[in-house]
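Structural description and commentary
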Amino acid sequence: MKKLFRLLLASLAVLCLLTGCYKQDTKISVNQLGNVKVDISMVGNDEAISQVSGGMSYEDLMENIMPQIEELETDKSMNAEQTSAEVNGETYNGIRITAKYPSVSEMNDSIFFQAFNSSIAVPVTSADTSSMNNGITFKDMPNVFGTIYTANGNVSLSQGNKLSDEDSAKLANASISMKLSFPFFAFGSGGRIVNPSYTFNVTAENPSAPVHFWVFIPNFAFLIALLFIIALIIIVIILMRKMKALAPTDPDDQSDFAPVTVAESEISEDDTNFFDNGSEPVEDAADEAIEQDDAQEATEDGDSRETTEDNENNEE
């Protein structure tokens, strides 16, 4: 059933190419965490659908294809639905798929994505598309600092084939639109640093567009941890300086005190005598105090003796 599903889609893409009545829209967006959202649609006119289905209508064809798509869905984020678009007043019908994946690598490995993506006019894949000259090789390369995304290839309205003038004229109503967008905090080639996105539109007037770009999404968990470590180092340095400033000074350490010098002309002769005989005034004052105490004691003794003698005379 999977082979039938892919075969029907591949046949639809080829017949749309030959009739020139097809329209493809591919939108792939990557968020800050590397999660991927996919939205791809492929539509064609009734003539192409009738040829690929052996005369079946679009509704009958979808009744056969949709059950096969449901078997490929592995989670609720994957969805396939019938879709349509108005192109120059004509209604084109086809299929649209939407899905979400944890990373570009898991998107490329998804069977649901591969089954549809490999059958459309311009696929997005992890395989090398340089030999086909059609399709985009889209890869992610994670590292500790973030993730680098690269896209290389070619968007071709003729699927990389050389067409005759007659076949080229049939592509007048054909178109392919491809957009790959990335989060706000990302930067990529071409100087795109805020919410970078790359859009490629090809029509009959511009049937081919080369694709070569890269985008880097920083690992914010790593950056936050790095900033936290830097902040801790700064805090530790500030605290160490404050502790050093508050630490007591060693009295034996005279390195912080500059010697004080006084010019000789600033010292008077009296000051010199004072410093030279600095101990004499103190000693003289002490001696004088002792002599005064001795004199006072002698006077008191004399008075005491006179009083005693007078008392004795009176008694007699």
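Everything here concerns the structure above.
Everything quoted here is computed from the prediction, not taken from an experiment. (Residues numbered from 1 in each chain as written. Predicted model: local features only at pLDDT ≥ 70, side-chain atom pairs only at ≥ 80, totals over all residues. Heavy atoms only, no water.)

1. A look at the sheet that holds strand 5 (residues 124-125)
On the basis of which strands lie adjacent, the open sheet formed by five strands has the order 5-6-7-11-9 and mixed pairing. Each edge of the open sheet is held by one strand with a lone partner, namely strand 5 and strand 9 (187-188). Relative to strand 11 (residues 208-218), strand 9 runs antiparallel, the two sharing two bridges. Its bridge partner lying in strand 11, Gly188 is registered against Val215. (Pairing = 2+ DSSP bridges. Helix = DSSP H or I, 4+ residues; strand = E, 2+ residues; numbered from the N terminus.)

2. Notes on the pairing of strand 7 (residues 146-156)
Strand 7 sits mainly inside the fold: nine of its eleven residues count as buried. With nine bridges connecting them, strand 6 (residues 135-143) and strand 7 associate as antiparallel partners. Across the sheet, Ile136 pairs through a bridge with Gly153, a residue of strand 7. Counting the residues that bridge the hairpin from strand 6 to strand 7 gives two residues. As judged from the eleven bridges shared by strand 7 and strand 11, these two strands associate in the antiparallel manner. Counted as the bridge partner of Asn154 is Pro210 from strand 11. (Buried < 20%, exposed > 50% of the residue type's maximum accessible area, 1.4 Å probe, protein only.)

3. A word on the pattern of salt bridges
In the structure shown here, the tally under the stated rule is three salt bridges. The closest approach of N and O atoms between Lys23 and Asp25, which form a salt bridge, is 3.7 Å. Note that Arg96 and Glu81 form a salt bridge whose closest N and O atoms lie 3.2 Å from each other. Here Arg96 is found in strand 4 (residues 90-101), whereas its partner Glu81 is found in strand 3 (residues 79-87), with 15 residues between them in sequence. Under the relative-accessibility criterion, Arg96 is labelled partly exposed at 28%. (Salt bridge = Lys/Arg side-chain N within 4 Å of Asp/Glu carboxyl O.)

4. Quick word on the nonpolar core
Core analysis: the largest hydrophobic core is formed by 52 residues, its most contacted members being Met107, Phe112, Phe138, Val155, Phe182 and Phe213. Considering every element that reaches this core, the biggest residue donor is helix 3 (residues 58-72), with seven residues. Apart from residues no more than four positions distant in its own chain, Val155 is found in contact with Val122, Asn134, Ile136, Ile176, Met178, Phe200, Val202, Pro207, Ser208, Ala209 and Val211. Cys21, Val43, Ala85 and Val87 belong to the second-largest nonpolar core, a separate cluster that totals five residues. (Core = buried A, V, L, I, M, F, W, Y, C linked by side-chain atoms within 4.5 Å. Contact = heavy atoms within 4.5 Å.)

5. A word on helix 3
Across its 15 residues, helix 3 extends 21 Å between first and last C-alpha, which sits within 8% of the 21 Å expected from 1.5 Å per residue. Taken as a whole, helix 3 carries its principal kink of about 30° at Asn64; the proline Pro67 stands between one and four residues after it. Among the residues making up helix 3, those that are buried are Tyr58, Leu61, Met62, Ile65, Met66, Gln68, Ile69 and Leu72. (Expected span 1.5 Å × (residues − 1). Bend = angle between axes of the 7 residues up to and from the residue.)

6. What about the layout of surface pockets?
In this structure, the largest pocket encloses a volume near 160 Å³. Gln32, Leu33, Pro218, Asn219 and Phe220 are, among the 13 residues lining the largest pocket, the residues nearest its centre. If you list the elements that add at least two residues to the lining of the largest pocket, you get strand 7, strand 11 and helix 7 (220-246). No other element matches the three residues that strand 7 contributes to the lining of the largest pocket. In terms of residue class, the lining of the largest pocket is made up of six nonpolar, seven polar and no charged. (1 Å grid on protein atoms, 1.4 Å probe; cavity = no way out; pocket = protein on both sides within 12 Å on 5 of 7 lines; lining within 4 Å. Points joined across faces, edges and corners; volume = space filled by probe spheres on them. Nonpolar A, V, L, I, M, F, W, Y, C, P; charged D, E, K, R; others polar.)

7. Some remarks on the sheet that holds strand 10 (residues 197-202)
With respect to topology, six strands assemble into an open sheet ordered 3-4-2-1-8-10, the strand pairing being mixed. A single partner strand is all that each edge strand has here, and the edge strands are strand 3 and strand 10. Between one strand and the next, the sheet's axes are offset by a mean angle of 10°, whatever the strand orientation. Sheet topology places strand 8 (residues 175-181) next to strand 10; six bridges connect them, and they run antiparallel. Within strand 10, the residue paired with Lys179 across the bridge is Thr199. Helix-sheet contacts for helix 3 involve strand 3 and strand 4, and the interaxial angle to strand 3 is about 150°. (Axes fitted to C-alpha atoms, helices over the stretch in contact; angles between N-to-C directions.)

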